[in-house]
Each structure stands twice: as structure tokens, then as C-alpha cells.
Amino acid sequence: MNPRITAFDQLAFLLKLQPTEGVDALPTPVLNAFQILEGTAKINATGVDRKITKPYWNTARKKFGKYYVEINGTIELVTPANPGVDKSPHGVALQICGMAETLRAAAVGPPAVDAATVYNMISRNIPAGTGYFYHADEYYKGLDMRGDLSSLTQQIGVVPTAKLKLWGNCQNTIEADLPTGLDYSKFLEPTIGSTESMELTIDDFAVQGISHVFEFGNTLGIREHTLARTSRISGRQSTFKAQFYRTAKADFDPYAKWKKGDIVEVVSTTFEDGGDGRYWNLRTLGQVIDVDKVDADNENTFQVSFQAVASDAGNDECALEFAQS
């Protein structure tokens, strides 16, 4: 019997941290609905050619193995309602892409410290997630999911976003109805970058900023052995860019920084709509590797490219701080 015909654009995604490798974390629609834009999923595999000797021309046959699901989409970044108490609604994705989560309480000081939910890079013990991606009347169940974030962007005129790619163990799709009771209430409305809502500093100097874009550059792979099949992050080559109107050399000279090989700190901040003091920072450390002049509405801007470089302490080349003053 033919199945019923369903609409292509009926989709849902659930994502939950997985405490134990290989064990389904059982995400639910009420607790683990995960909001993404333009989500897609597909099963990939590694092909092995079988070049059979024959007396005629013929395309080599293949065998396939190491099946895994790849889930892609875009997340909108926004400060949670109660920083320092609430986790980021996208915190699960940030963690399985190689970040640690810390809830920081406010302190009167001195120095005064704002309450914040903080994510910083890690290189070991990266957690995994279980993801259920529903597409009409079937879904992909991904176990041991880990991933990569690209184009993590704060920019004038756009909503802060990042492109998310997740890989996980998945051998086939499963027939099932779309879930009901999905709760997206923790995903608050994002703020568009503007003169009032955004700030960009380079080594603590406030520039006339346009954008700040970070690329995690995680190396993803599927690891398979006789006891398990799982996704792994096996390395990271992070880069970022900052675009801003030309600065006086006395304030910030990108060419001089480039020649000296200095480590530069770039911080962009989005102040959330609503006037409740919520804001978030994208804080990056790196070495200048290229300086371009870019036409912005026929005005002169720098676009400086960096390779992310951690301090000697390590794992501080990028941090996200969702806070409230």
C-alpha cells in the first residue's frame, strides 16, 4: 500500500545532551524541542569501489558502510531570559560543538560582575547529543551527535545567527507521525544589529563596526570499531573576520599588527531589545593573517582576517557570554 502524500515543509527537531555514549537520551517535544531555520537531514555513507575484472567496460560497483545522519540548519542567537540561571536555548548545540557551559552568578564586587551564562572552547571530553529530526511521516534518530558551527555572526542590519552542522550514528529513517506539544517558548525573539544594539571593539578600542564573524573549523568524523560507531571532533582550525570603517593608525593599525604577529582581541556585543539590560558578547583572540579594503556603500572599510589563537592557558580563543547588567 502506498503511504499518504505529505507536505515537504513539515519538520521538527528535538535535541538533548546524551549522558552515556551509545545510549539514546530520549528527547521529548515538551522539553527538548530545538528551534532551527531551514533545517535539513540526510543519511550519508562511505562507499567502497569493487572494480571487478570483466571483458567489457562497466562502472565499478560499490558497497556502502559507516552510515551516519547529517543535520544542517541555522540557529538564531539570543540571550536567555535569566542569564546566570537559565541556559542558552541553543546551549546543547554549543556544547556538542565543543564548548563548555558555565552559569555565573552576579557579584557586587569590586569589581562588579554581571550574571552570565558563558560558553568557552574545550578540547577534551566534548559531550554528545541525541537528535530526532522529523520530516513529515519519518524521522532520523541520530546518536552520539557532535558538530560544527560556521558563520557565527554579529552584524549591522541582520539577526545574530550561526550555521549548525551535526553528525551522528543513524542507519536508516523511521516511519512516525510528526510530534505534537513542541514547546519553543525558551527561544526568545532575536535582536537585529543596529547603531543602538551593537558594539565592536578591537583591543578595547571602539571602532565603527559592521560585522564580526567566527568559524569554529571543527574537524568532524565518524569513528567505527567493533563495539560502537560514533561521531567525533578530532581537531579545530578556527578563523574569524571583523569589518569596520578605516581607523586612524594611532588608534588601530591592522598592517602593523599583521607584521608584528601580535595577538588581537575582538569583541562584538549585542544589546537585546526590551531595555532589561540583557546583552551578549562574542569574544575572540587571534593573529592577523590578511587585510582587505572593502567597499561598503562606496565607503572605505577594512575587513581584517584572523586565525584564532588561544592564550597559553588554552581554550580561550572564542567565548560567548550571555549576560545581564
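Scroll up to find the structure.
Small disclaimer: the values here were computed from a predicted structure and weren't measured.

### Some remarks on the overall build of the chain
Argument step 1. Across its full length, the chain carries three helices and 19 strands.
Argument step 2. A principal-axis box enclosing the C-alpha atoms of the chain has dimensions of 70 × 55 × 40 Å.
Argument step 3. Relative to its full complement of 325 residues, the chain shows a buried share of 45%.
Argument step 4. Sequence-distant contacts in the chain: of pairs separated by 6 or more residues, those separated by 24 or more amount to 70%.
Argument step 5. Summed over all atoms, the accessible surface of the chain reaches about 16,900 Å², with 50% contributed by carbon and sulfur.
Argument step 6. A distance of 12 Å separates the average location of the 31 positive side-chain charges in the chain from that of its 40 negative side-chain charges.

### Things to note about the nonpolar core
Argument step 1. Core analysis: the largest hydrophobic core is formed by 49 residues, its most contacted members being Phe34, Leu152, Leu166, Phe214, Phe244 and Leu320.
Argument step 2. Among residues more than four places away in sequence, those in contact with phenylalanine 244 are Leu200, Ile202, Val207, Gln208, Gly209, Ile210, Phe252, Thr301, Phe302 and Val304.
Argument step 3. Judged by nonpolar contacts, the second largest core, of seven residues, contains Tyr68, Ile126, Leu220 and Ile233.

### So, a positive patch on the surface
Argument step 1. The grouping of Arg50, Lys54, Arg61 and Lys63 at the surface amounts to a positive patch.
Argument step 2. Its place among the elements puts lysine 63 in strand S3 (residues 61-76).

### Concerning unusual backbone geometry
Argument step 1. Going from glycine 109 to proline 110, the amide bond is cis rather than trans, its omega being 5°.
Argument step 2. Looking at where proline 110 falls in the secondary structure, it is placed in the loop between strand S4 (99-104) and strand S5 (115-121).
Argument step 3. The step from proline 110 to proline 111 runs through a cis peptide bond, and the omega angle for that step is -5°.
Argument step 4. Relative to the helices and strands, proline 111 resides in the loop between S4 and S5.
Argument step 5. Here the phi dihedral of asparagine 298 falls at roughly 65°; this positive angle occurs in a residue that is not glycine.
Argument step 6. Mapped onto the fold, asparagine 298 is located in the loop between strand S17 (278-296) and strand S18 (299-308).
Argument step 7. What makes asparagine 298 exposed here is its relative accessible area of 69%.
Argument step 8. Although it is not a glycine, asparagine 315 sits at a positive phi angle of roughly 60°.
Argument step 9. Residue placement: asparagine 315 occurs in the loop between S18 and strand S19 (318-324).

### Some remarks on the environment of glutamate 265
Argument step 1. With respect to the element layout, glutamate 265 can be found in strand S16 (residues 263-271).
Argument step 2. We classify glutamate 265 as partly exposed; its relative accessible area is 22%.
Argument step 3. C-alpha of glutamate 265 to C-alpha of lysine 163: the two residues are 102 residues apart in sequence and 23 Å apart in space.
Argument step 4. Residue contacts for glutamate 265: discarding those within four places in its chain leaves Thr201, Ile202, Asp203, Asp204, Arg283, Thr284 and Leu285.
Argument step 5. At 3.3 Å, the side chain of glutamate 265 forms a polar contact with the side chain of arginine 283.

### A short note on the pattern of salt bridges
Argument step 1. For the structure on display, the rule yields 14 salt bridges.
Argument step 2. Residue aspartate 276 pairs with arginine 278 through a salt bridge whose shortest N-O separation is 2.8 Å.
Argument step 3. Taking the relative accessible area as the measure of exposure, aspartate 276 reaches 34% and is therefore partly exposed.
Argument step 4. By relative accessible area, arginine 278 is classed as buried at 9%.
Argument step 5. Among the ionic contacts, a cluster of salt bridges with common partners joins Arg4, Asp137 and Asp177.

Parameters and conventions
- Residues numbered from 1 in each chain as written.
- Predicted model: local features only at pLDDT ≥ 70, side-chain atom pairs only at ≥ 80, totals over all residues.
- Heavy atoms only, no water.
- Helix = DSSP H or I, 4+ residues; strand = E, 2+ residues; numbered from the N terminus.
- Buried < 20%, exposed > 50% of the residue type's maximum accessible area, 1.4 Å probe, protein only.
- Contact = heavy atoms within 4.5 Å.
- Areas by Shrake-Rupley, 256 points an atom, 1.4 Å probe, with all protein chains shown as cover.
- Lys, Arg positive; Asp, Glu negative; His and termini not counted.
- Charge placed at Lys NZ, Arg CZ, Asp CG, Glu CD.
- Core = buried A, V, L, I, M, F, W, Y, C linked by side-chain atoms within 4.5 Å.
- Patch = residues over 30% accessible without salt bridge, like charges linked within 9 Å, V, L, I, M, F, W, Y side chains within 5 Å.
- Salt bridge = Lys/Arg side-chain N within 4 Å of Asp/Glu carboxyl O.
- Polar contact = N/O pair within 3.5 Å; in protein donor to acceptor, adjacent residues only side chain to side chain.

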